[in-house]
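Structural characterization, general
In case you want the letters, here they are:
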Amino acid sequence: MGQLVVNGLALGSIYALVALGLLLIFNTVQIVNFAQGQLLMLGAFIGISCAVTHELPVAMAWAITMVAMALVGIVFMVLVYFPLRGRPAFLVILTTIAMGIVLENLALIVWGPLPVSLPSPVRGPPVRFAGVVVSMHQIFIFATLAVILLLQFLFLTKTRFGILMQATAQDLHTARLVGIPVNRTIAVAFAFGAVLSGIAGLLVAPIFLAEPTMGGSLGLKGFVVSVIGGFGNLPGAVIGGLFLGLIETFGARYISSNFRDAYAFIVMIAVLVAWPRGLFGEKSSEKV
Amino acid sequence: MFYVSLKTSVTAVTAIWLSVAVAADAKADAASCPSSIPFGLTTALTGNLALLGTQARNGAEFAVDEINAGGGIAGKKIALTTEDTGASSTDALNAMNRILEGKPLVILGSMISPHVFAQTEVVTKSETPFLVGATNAKVTMQGSKWLFRTHVHDGQLAELIPEYLVKTLGKTRPGIMAVADDYGLGASKGIQAALAKLKVSPAAVASYAPSDKDMSAQLLEIKDKDADSLILFGRPADVTLVIKQMNDLGIKLTTIGNASIVAQTTLNNLSAAEADGGYAIGGMIPQTSTDAKIMDWSKRVQDKYKVPADNFTVSYYDTVYLLKSIIEKVGCNKPAIRDALAATKDWKGMLISYQADGQGDLAHTLGIYRNKGKTPELTGPIKESGY
Amino acid sequence: MKSWPILALSAAVALAVPVVAHDGYIIQLLNIAILNAIVVLGLNFVTGWAGQINFGQAAFYGLGAYTTAIATKAGLPWIAAPFLSVVVVVVASLMLGLPTMRLRTYYLAMTTIGFGEIVRLMIVHWEPVTGGTSGLRAIPGVSVFGFGPQGQVQHYYLLIATLGLAILIASRIRHSVLGRAMIATRDSEIAAEQSGVDTIRTKLLAFMIGAVYAGLAGCLYASSIRFISPDSFSGTQAVLLMTMLIVGGMGSIAGCVVGAVALTILPEALRFLGQWYLVLYGLGVIAVIVVAPGGLASLVSLSQLRRANAG
């Protein structure tokens, strides 16, 4: 039972990271990026190209991947955000879905469909206590999530640029009016959003292996988590993610493993019915 | 005046006609074939089943190229047309319709059972021999006399795996874990039925979606219910994850399953410790052969297609050569080919012999494998009961 | 405004196709395209006119197909199948629609995706009834008083007639009070409410009508293709249906048909591209959304406008 908790939380942390990347972009430009899962996949494969194909040390592979993903984020912004400014929401959704299809199939062409493994940045025997096994990598996942949350919090509240980003998120037009370099904040949001998913990919590949279609399911869970926590609500997303990881794991164990994917949606629908703005409420309100 | 009696004329004409007919018949086999013998192949080349589907193309194409390089069948080259079924059964049906346009002599279908189910009716109507690797037991129970299967099927696996586990390995409380698609669930049902016949009931029956990455919940359930072994049915990508996660969780169970456990793509992603000891029963794979010719064949296939050959590659390769030997005997006549296929007896393929049964199944020999570290070893061949 | 010459021409072309193309393969493909067109017409009510994003349309399509397959294989006379299919999808659309009517775009998108997934999982795992992942085959064909279409060409005519009916009904609804209410809801829910439109009821009706279209198309799919399996009604198909609507022209009836036919034939015609087809397809969808968000239909009306202005 304790083992289920550990595994559920590890899985949930991945979901939380995907959701965080998603929300960073959403909070700034009101776009839900349905290709966030494919960005995760891209991060995993860039990492593998560095660490496995070119046999660079894992730490360097991580560094290169993060830089590369930031660039990917900005390219993504240019291709998706600028052309679609002001268009109705579901056209944007369709566009990001189409981008996801493009990325996934390009990955299939470049890297082929065979699953590949990525070594974890941490080594060592697993920790055992009270009948529960926690691998070093799982500990690393928890640690990474904690560090990212801390850095994100400090950045957004204590640095000047971070505060500017929050202002942009609250009201883009007014922010522009008062001279905030809005385009720069948007670019940073996309870049960081992509980096967060890239990191999730680097964390996932050592345990789940990487293959080009891995993004679809993980991305979807990331959205579900965002909805459960309340769109725009960062702490909500983290709690939602961990919560979903636990629900899936316990549900698969005690209810039925057949419907594992459905649990995410059932919980999401249940939450929406009871709390239409998510468990912790959204940040932004509907514009008339 | 030249007078030939009617009787003489008729006799003469009949004699000439008969001799021409006899002479023609002797050459009927080669002469009845067009200069380019059309073979059709439908398989998944794109989509989530492509990893599996391309093995059919690899095996068949490799054989066709080899045969053509050697002069073809009785001097006539084979023209292989391949159509991509994609991932959905509707697309598979469209692909088959396209193949039928080209009026092929024979059609090879893929190993993906839902696709073959979708295609059978239209192929049967066209009265073309249809050779498939699809493993769902019911594929050959559709009542089509044109459909033949040249790979072992899940019905056989469902019988042999429980029997080997209980009688040879002596385990009586297996946990069952299968991928939740047609392949895995069909096999899981068959295995449960076979276990019931052996008066063994499984400790737990679990499944996972094909795209699932975390199977720890299912593994923990199997462990908690005190299973003494694990029957694992999936594709290499997910079987790799199950074995890895079993190791991570410290669960030690005798594991037996389908060929995915010894597949090269699985072993490439496992450590020696993780892979060691796993059993597999399935279509015979080329990796364990010590025959130099087979090892050379495997290497050439891998060099050409960048993916290691598996049991399906072998099966489709054999199928093309089987067709060659039949066409050499009976010519390019579809009903004759069909009849010859139905009468196949003891035809030696690369690793096994083929023999047709009443339902159209030609493969009845499977291999039992065990991983020694990252290398699969052939424990021995095992035949379906009655063979 | 409908231009009658173009309508008559399209009808004539549609009816003439089987005469020209004897091909079993092309007719079969067109039959699937026509069925898709009916489903997309249904989607148009919900997304094109009422402005509600809906990734669950493939699920309704599947529910109609499976209801028909299960009912006719169980021995019920065929004529019961369309009615049963309609009942099932109406109930399902209410189950989806009622709790979600107040949800905003992204939540609605996620919920409809979830709905589609749950339906698919139910079909996959309820194996004794639905055949699971193997699907159901040897489904009885259309049969009314012992008569039914035989062969692809007769099915083609039946489907063309059904499509015609579907277009007619859609056109009528478009110009009715309900249709105007849908458009008003799409343009601005709050303004519509202020004008006295019951947006909740409007959205619900749009959902139901859209589901009925998909359910009936599913019924015909099962009875004409005679084989169904869950992978034909998956989330990928739902996305595909949405792109058919967008590429064809959201809100335009002609656009629905054009989009459905185009995106059913294109993947087959471009099979030789292999994996690259999906890359180009994705890029193509993005291009259409960016350059011509009204789809192909908008390009046509744009050129009509230009000609009108020039002449």
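Everything quoted here is computed from the prediction, not taken from an experiment.

Calculation rules
- Residues numbered from 1 in each chain as written.
- Chains lettered and ligands numbered in written order.
- Predicted model: local features only at pLDDT ≥ 70, side-chain atom pairs only at ≥ 80, totals over all residues.
- Heavy atoms only, no water.
- Helix = DSSP H or I, 4+ residues; strand = E, 2+ residues; numbered from the N terminus.
- Buried < 20%, exposed > 50% of the residue type's maximum accessible area, 1.4 Å probe, protein only.
- Contact = heavy atoms within 4.5 Å.
- Areas by Shrake-Rupley, 256 points an atom, 1.4 Å probe, with all protein chains shown as cover.
- Lys, Arg positive; Asp, Glu negative; His and termini not counted.
- Charge placed at Lys NZ, Arg CZ, Asp CG, Glu CD.
- Rg over C-alpha atoms; globule rule 2.2 N^0.38 Å.
- Buried area = accessible area lost by both parts, 1.4 Å probe.
- Salt bridge = Lys/Arg side-chain N within 4 Å of Asp/Glu carboxyl O.
- Polar contact = N/O pair within 3.5 Å; in protein donor to acceptor, adjacent residues only side chain to side chain.
- Pairing = 2+ DSSP bridges.
- Axes fitted to C-alpha atoms, helices over the stretch in contact; angles between N-to-C directions.
- Core = buried A, V, L, I, M, F, W, Y, C linked by side-chain atoms within 4.5 Å.
- Parallel < 35°, antiparallel > 145°, perpendicular 65-115°, else oblique.
- Nonpolar A, V, L, I, M, F, W, Y, C, P; charged D, E, K, R; others polar.
- pLDDT = per-residue confidence, 0-100.
- Phe/Tyr/Trp six-rings, centres within 6.5 Å; stacked < 30°, edge-to-face > 60°.
- Lys NZ or Arg CZ within 6 Å of the ring centre and 35° of its normal.

Counting secondary structure elements, chain B contains 14 helices and 14 strands. Taken along the three principal axes of its C-alpha coordinates, chain B extends 105 × 45 × 40 Å. Looking at chain B residue by residue over its 387 residues, the buried ones come to 58%. Once local pairs closer than 6 in sequence are excluded, the contacts in chain B between residues at least 24 apart make up 67%. Entry remark: accessible area of chain B is about 15,100 Å², with carbon and sulfur atoms responsible for 56%. Computing the positive centroid from 38 side-chain charges and the negative centroid from 38, chain B places the two 4 Å apart.

Attention shifts here to the overall build of chain A. Regarding its fold elements, chain A presents 11 helices and 2 strands. In chain A, the order of α-helices and β-strands from amino to carboxyl end is α-α-α-α-β-β-α-α-α-α-α-α-α. A compact globule built from 288 residues would reach a C-alpha radius of gyration of about 19 Å, and chain A, at 19 Å, matches this within 12%. In terms of its C-alpha atoms, chain A occupies a principal-axis envelope of roughly 60 × 50 × 35 Å. Looking at chain A as a whole, 59% of its 288 residues are labelled buried. Residue pairs at least 24 apart in sequence account for 75% of intrachain contacts in chain A once pairs closer than 6 positions are excluded. When the accessible surface of chain A is totalled, it reaches about 10,900 Å², and 71% of it is carbon and sulfur. If the 14 positive side-chain charges of chain A are averaged to one point and the 8 negative ones to another, these points end up 10 Å apart.

Of the residues lining the interface, 22 residues belong to chain C; the matching set on chain B comes to 26 residues. Taken as a group, Y25, R137 and R271 of chain C account for 28% of the area that chain C buries against chain B, more than any other trio of residues on that side. Two residues, R271 of chain C and D84 of chain B, come together in a salt bridge whose shortest N-O distance is 3.7 Å. Our count for the chain C to chain B interface comes out at 7 residue pairs in polar contact (both at pLDDT 80 or more).

All names here are of chain B. Where burial is concerned, the two faces of strand β10 (residues 279–282) agree: the one with Y279 and I281 and the one with A280 and G282 are both buried. As paired elements, strand β9 (residues 254–257) and β10 share 2 bridges and run parallel to each other. When the bridges of β10 are listed, I256 appears paired with Y279. Summarising the sheet, β10 and strand β13 (residues 365–372) pair through 4 bridges and their orientation is antiparallel. When the bridges of β13 are listed, Y279 appears paired with R370.

Take the sheet that holds β10 of chain B next. All names here are of chain B. The 7 strands are arranged β7-β6-β8-β9-β10-β13-β14 in an open sheet whose pairing can be described as mixed. Edge positions in the sheet fall to β7 (204–208) and β14 (375–383), since each has one partner strand and no second. With direction set aside, neighbouring strand axes in the sheet form an average angle of 20°. Judged from the 8 bridges that link them, β13 and β14 form a sheet pairing that is antiparallel. What sits directly across from Y369, in β14, is L378. In the packing of helix α7 (residues 182–197) onto the sheet, contacts are made with β6 (174–179), β7 and β8 (229–233), and the angle to β6 comes to roughly 155°.

This part takes up the nonpolar core. One finds F34 of chain A together with F55, F60 and I228 of chain C to be the most contacted residues of the largest nonpolar core, which totals 181 residues. If you tally residues by element for this core, the top one is helix α8 (residues 182–208) of chain A, at 16 residues. Once residues within four sequence positions are removed from consideration, F34 of chain A is found in contact with I93, T96, I97 and F223 of chain A together with A109, M110 and I113 of chain C. Residues I37, L41, A206 and F233 of chain B belong to the second largest nonpolar core, which totals 102 residues.

Right, let's talk about the packing of helix α1 (residues 4–20) of chain C against helix α7 (residues 151–174) of chain C for a bit. All names here are of chain C. The N-to-C vectors of α1 and α7 enclose an angle of 175°; their axes lie 10 Å apart at closest approach. The angle between α1 and α7 falls in the class roughly antiparallel. Contacts from A14, L15, V17, P18 and V19 in α1 reach V153, Y156, Y157 and I160 in α7. Split by residue class, the contact of α1 with α7 holds 9 nonpolar, no polar and no charged.

Below, the discussion takes up the confidence of the model for chain A. Residues at a pLDDT of 70 or more form 97% of chain A, whose mean pLDDT is 87. Counting contacts from residues 284–288 of chain A, a segment whose pLDDT is below 50, to residues more than four positions away or on other chains yields 4 contacts.

On inspection of all chains with the given rule, the structure shows 25 aromatic pairs over all chains. For the pair Y277 of chain C and Y281 of chain C, a centre-to-centre distance of 6.1 Å together with 20° between the ring planes defines the contact as stacked. Residue Y277 of chain C and its partner Y281 of chain C are both found in helix α13 (residues 276–291); the two are separated by 4 residues, about one turn of the helix. Each member of the pair, Y277 of chain C as well as Y281 of chain C, carries the same accessibility label: buried. The ring of F117 of chain B has R137 of chain C sitting right over it, with the charged end atom 3.7 Å from the ring centre. Above the face of the W49 of chain C ring, R174 of chain C is positioned so that its terminal group lies 6.0 Å from the ring centre.

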